[in-house]
Amino acid sequence: MKAQTALGAAAVLLLATAVYTSLLASPPDAFQGEYVRIMYAHVPNAGVAYLAFAITFVTSVLYVWKRRPDYDYIALSATELGVLFTGLALVTGSIWGRPVWGTWWTWDARLVTTAVLFLIYSGALLVRGLSDDPQRGARLAAVIAIIGFLDVPVIHYSVVWFRTLHQPASIAPGSLKIAPPMLVALMLSLLAFTVLFAYLLRLRTRLARLEAGVEL
Amino acid sequence: MKRTRLILAAVIVAGALVYLILGGLRGAIVYYATPSEVLAQGQSAVGRATRLGGQVVPGSRRRDPITLELRFVLTDGKATVPVVYRGAPPELFTEGQGAIVEGTLRADGVFAARSIIVKHSEEYAPPKTP
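Residues numbered from 1 in each chain as written. Chains lettered and ligands numbered in written order. Predicted model: local features only at pLDDT ≥ 70, side-chain atom pairs only at ≥ 80, totals over all residues.

The name an unreviewed UniProt entry assigns to chain B is Cytochrome c maturation protein CcmE, from the organism Candidatus Segetimicrobium genomatis. Among the UniProt annotations of chain B, the heading Subcellular location (unreviewed entry) holds the following wording: "Membrane". (UniProt positions renumbered as here; feature names shortened; annotations may be inferred.)

Looking at an unreviewed UniProt entry, one finds chain A named Heme exporter protein C and attributed to Candidatus Segetimicrobium genomatis. Checking UniProt for chain A, the heading Sequence similarities (unreviewed entry) contains the comment "Belongs to the CcmC/CycZ/HelC family." Annotation of chain A in UniProt includes, under Subcellular location (unreviewed entry), the sentence "Membrane".

1. Focus: the overall build of chain A
Secondary structure summary: chain A contains seven helices and two strands in total. Ordered by position from N to C terminus, the α and β elements of chain A give α-α-α-α-α-α-β-β-α. A compact globule built from 216 residues should have a C-alpha radius of gyration of about 17 Å, and chain A, at 18 Å, falls within 12% of that. C-alpha extents for chain A along the principal axes are approximately 55 × 40 × 30 Å. In chain A, which comprises 216 residues, the proportion classed as buried is 42%. For chain A, the share of sequence-separated contacts (at least 6 apart) that also reach a separation of at least 24 residues comes to 76%. (Helix = DSSP H or I, 4+ residues; strand = E, 2+ residues; numbered from the N terminus. Rg over C-alpha atoms; globule rule 2.2 N^0.38 Å. Buried ≥ 20, exposed ≤ 12 C-beta atoms within 10 Å, placed from the backbone. Contact = placed C-beta atoms within 7 Å.)

2. Things to note about the UniProt feature "domain: Cytochrome c assembly protein" (unreviewed entry) in chain A
Under the present numbering, the feature "domain: Cytochrome c assembly protein" (unreviewed entry) in UniProt falls on residues 9–166 of chain A. Measuring from the first to the last C-alpha atom of residues 9–166 of chain A gives 35 Å, for a span that is 79% helix and 0% strand.

3. Here we look at helix α2 (residues 39–66) of chain A
In this model α2 of chain A runs 40 Å from its N-terminal to its C-terminal C-alpha over 28 residues, within 8% of the 40 Å that 1.5 Å per residue would give. Immediately beyond the C-terminal end of α2 of chain A, within one or two residues, lies Arg-67 of chain A, with a positive phi of roughly 60°. (Expected span 1.5 Å × (residues − 1).)

4. A word on the UniProt feature "binding site: heme" (unreviewed entry) in chain B
All names here are of chain B. Look at the UniProt record and you will see "binding site: heme" (unreviewed entry) annotated at His-120 and Tyr-124. Summarising the element assignment, His-120 is placed in the segment after β6 (111–119). His-120 sits in the buried class, given 20 other C-beta atoms within 10 Å. Among the structural elements, Tyr-124 can be located in the segment after β6. Take Tyr-124: there are 22 C-beta atoms within 10 Å of it, and that puts it in the buried class.

5. So, the pairing of strand β4 (residues 80–86) of chain B
Residues and elements named next belong to chain B. Where burial is concerned, the two faces of β4 differ: the one with Val-81, Val-83 and Tyr-85 is buried and the one with Thr-80, Pro-82, Val-84 and Arg-86 is not. Where strand β3 (residues 69–75) and β4 come together, seven bridges link them in antiparallel fashion. Each residue of the ladder has a partner; that of Arg-71, found in β4, is Val-84. Hairpin connection of β3 to β4: four residues between the antiparallel strands, including Gly-77 at a positive phi of 95°. Bridge count between β4 and β6: three bridges; the pairing is parallel. For Tyr-85, the partnering residue across the bridge sits in β6 and is Ala-113. (Pairing = 2+ DSSP bridges.)

Here is the structure:
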């Protein structure tokens with residue numbers, strides 16, 4: 001419980017710092033002006049969504065293989081958080097797209113594959129909820145989660161494989177296309193969101209365990 | 001036995017997805033066509049709904065004072081297509097930057113745009129102070 005409180009405190013402090021660096025300490029962009037600041041909310045949401053579904057993928061494989069309920073509690077929690085952060089990535093992307101691209105939404109490969117990801121894991125949660133037998137629901141959700149994870153590399157490389165409106169990654173091995181003060185703001189924001197995610201994941205997993213009637 | 005069937009089904013579905021994504025869609029998901037591609041279609045491109053993307057040629061942007069039409073030229077470095085648009089472009093629409101227009105190519109070779117979307121690069125830097 002102590003560790004949980006410490007994690008929460010760290011998340012609050014890091015988020016406060018990230019708000020400061022994102023909104024005040026970092027410079028505007030040469031082309032986008034102040035709109036670039038939306039990136040500091042958009043990219044971490046997408047990054048944490050990837051992380052969440054990676055955890056869902058690993059724990060789902062382990063659950064199907066070992067059948068230990070503990071893996072399912074983590075898989076369920078990570079799926080819920082992944083859907084939340086994917087939704088936030090879509091919303092912040094839309095808010096960023098409106099002033100910069102001139103449109104809230106368009107049928108670009110990056111956007112569509114991300115919306116598909118949201119639907120796949122929403123579907124996994126739905127299938128789990130619809131099943132009368134919780135264990136059967138958990139197994140079905142795990143299978144959807146494992147297959148659905150294929151979409152994550154597709155999203156990531158969509159901007160490379162396909163000709164898209166969405167720009168490619170600014171941070172890639174051997175190429176850094178973002179100025180240092182902006183990189184600092186982005187990394188700090190990524191770290192803050194990751195710690196927040198860790199806090200929420202632990203809390204939700206504990207809740208799932210309690211709900212299942214298992215003693216802590 | 002049930003588990004083997006489940007794994008088998010999962011592998012088949014996963015395989016089909018990979019095949020679709022890598023084989024079928026890879027060349028097909030193209031958000032916009034370049035000026036060269038549109039011009040290569042010749043007369044068949046005329047009147048067909050198209051998304052055309054390229055760089056806005058510096059110095060090509062002008063507004064007709066009488067019709068209030070916005071005119072500019074899009075290029076991919078090899079070919080150019082003149083574009084006409086009625087209305088206000090997005091705030092960040094700039095010469096020398098990327099733009100994607102939706103509309104149709106007219107018989108006179110001018111692309112009549114219904115909408116303009118600005119495409120920006122993945123480079124982020126503070127403005128250079130003079």
